[in-house]
Amino acid sequence: MTAITTTTVTPSPTPSTITFSNLALAEPILRALQEKDYTEPSPIQAQSIPHLLQGRDLIGIAQTGTGKTAAFALPILQRLAASSTPLTPKRPRALILAPTRELAAQIAQSFGAYGKFLKLSHLAVFGGVSLSPQIRALSRGVDILIATPGRLMDLERQKHVSLDKVEIFVLDEADRMLDLGFVHEIKRIITKLPPRRQSLLFSATMPPAIKELATSLVHNPVRVEVTPDSPTVERIEQQICFVERHDKNKLLVHFIKQKPEGLVLVFVRMKHMANKLVDQLHKDGILAEAIHGNKSQGARQRALENFRAGRRRILVATDIAARGIDVKGITLVVNFDLPEEPESYVHRIGRTARAGLDGQAIAFCDRSERNLLRNIERLIRRPIPVLKGHPCESASSHAPEQNAERPFAAGNRPNRSSQRPGGFRSSSFGGNRTGGGSSRFGGAGERKARPAFTKAGFSRF
Ligand code: AMP
């Protein structure tokens, strides 16, 4: 096993001066990007693509929302298109492993869009849907295979796919893979790959288990890090509503009606709660759909498509089902229940404010959830402004703002202006907006229409 020697790449020239043509991408790819209205590469794209085009291995520390899919998809397309190897049945030339079906389907869509003007084929394989069409497609041959680990192993064991011709391998969301218990599958899959290959590993975090995995996977990698303290959330206006549990439905209806445009993603903790909430919304005349792990893959995809296309403006989701969902036009994320794991809060609210748009995130907190709120605020190292004057406010649901329960609440904060340049001005908290104030990470209330990439990826447009 070789030690990892990494090169941390800093953007030079500054990202705003880099264009896709500077990155030496081929004309058909540039044309596809133009159709997608991508005007400039995001930092992770600007930093990764040149190295990947040269065949280097890479460790990318980045979350969804930073443009990481294109960061690996564009060089893969370019490299495969440059060498005219004929399709070989069952033997893909590029393999992308993704932790969830939704993410695999999304990555496949991206390959379809970016590779629109190239003669390369791609296929996504994941569980929960019939094997036969996947087997048929594999036996015809595909250039790029996007797979979840379980289904890939099934197909490999049954000899419907062989990984011995993989030239480029991508392990996406590696930390999530380990969370979901895929470590053995991944290690097994790596043993099936040819030793001569280009390998890429993307992960939002780098705990020791991922470092160990990386050691066996990548060789002399470039390390590209897009690690702001709050990656995609800087443009999100966040608020917390203290509310009694039995009033949460009413409050949700209030916010949905208050925001007649844009898609609304509502997070709940339990699957049965997602169904119940959808039924209750229907009774209030609001069309909504649920997405959670007990639904079949087909039903989940249909729900997601209905949402994406705007046929259902409201999607009620549990965390697993929503992880990695990249739907444009989500203007409001509601944390109907606060998540048990504080990290989920950041993932949840990151579903809005995608690709440079602004977004709003409202969290409901009942009395039993105050410790969850405290953990979230500890994690994000700042208080979430309290929305006061909402229709379900009650004396007993009031904010415990200045006590030990919310160490980061307004009255309990140390002098923040000295901690964070341009950050948290007091007006961000007690401000004049809907009586409650709002926080946009990064402070200073900027709202620019055009991207202005920072180290944080798309977070600060
Ligand atoms: P990802 O981090 O790959 O999930 O991408 C997040 C979102 O950014 C997706 O909706 C992409 O379509 C979009 N995106 C990726 N690269 C660019 C770019 N250079 N310019 C504008 N949007 C982009």
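Relevant structure appears above.
### Quick look at the site of the ligand
Part 1: Every one of the 17 residues lining the ligand counts as a neighbour, but Tyr38, Gln45, Gly65, Gly67 and Thr69 are closest to it.
Part 2: Here Tyr38 contributes a side-chain N or O atom positioned 2.4 Å from an oxygen atom of the ligand.
Part 3: One of the side-chain nitrogen or oxygen atoms of Thr69 is found 2.6 Å away from an oxygen atom of the ligand.
Part 4: About the coverage of the ligand: the protein hides 91% of its 500 Å² of free accessible area.
Part 5: Classifying every residue of the shell around the ligand gives five nonpolar, seven polar and five charged.
Part 6: Built from parts of two domains, the shell around the ligand gets at least three residues from each of domain 1 (5-226) and domain 2 (232-418).

### Overview of the environment of Val222
Part 1: For Val222, the location among the structural elements is in strand 8 (residues 222-225).
Part 2: Overall, the relative accessible area of 0% leaves Val222 in the buried class.

### A closer look at the side chain of Arg197
Part 1: With respect to the element layout, Arg197 can be found in the loop between helix 8 (183-192) and strand 7 (198-203).
Part 2: Reaching out from Arg197, the side chain makes a polar contact with the backbone oxygen of Leu217 at a distance of 3.0 Å.

### Considerations on the pattern of salt bridges
Part 1: Scanning the model with the defined rule gives 22 salt bridges in all.
Part 2: For Arg223, the salt bridge goes to Glu225, with nearest N and O atoms at 3.3 Å.
Part 3: Glu225 gets classed as partly exposed once you look at its relative accessible area, which sits at 25%.
Part 4: Asp366 is paired through a salt bridge with Lys248; the nearest N and O atoms lie 3.7 Å apart. Taken as a pair, Asp366 in the loop between strand 14 (359-365) and helix 15 (370-380) and Lys248 in helix 10 (residues 248-258) lie far apart in primary sequence, 118 residues in all. Across the pair, exposure class does not vary: Asp366 and Lys248 are buried alike.

What counts, and where the lines are drawn
- Residues numbered from 1 in each chain as written.
- Predicted model: local features only at pLDDT ≥ 70, side-chain atom pairs only at ≥ 80, totals over all residues.
- Heavy atoms only, no water.
- Near = heavy atom within 4 Å.
- Polar contact = N/O pair within 3.5 Å; in protein donor to acceptor, adjacent residues only side chain to side chain.
- Areas by Shrake-Rupley, 256 points an atom, 1.4 Å probe, with all protein chains shown as cover.
- Nonpolar A, V, L, I, M, F, W, Y, C, P; charged D, E, K, R; others polar.
- Domains from an automatic or database assignment.
- Helix = DSSP H or I, 4+ residues; strand = E, 2+ residues; numbered from the N terminus.
- Buried < 20%, exposed > 50% of the residue type's maximum accessible area, 1.4 Å probe, protein only.
- Salt bridge = Lys/Arg side-chain N within 4 Å of Asp/Glu carboxyl O.

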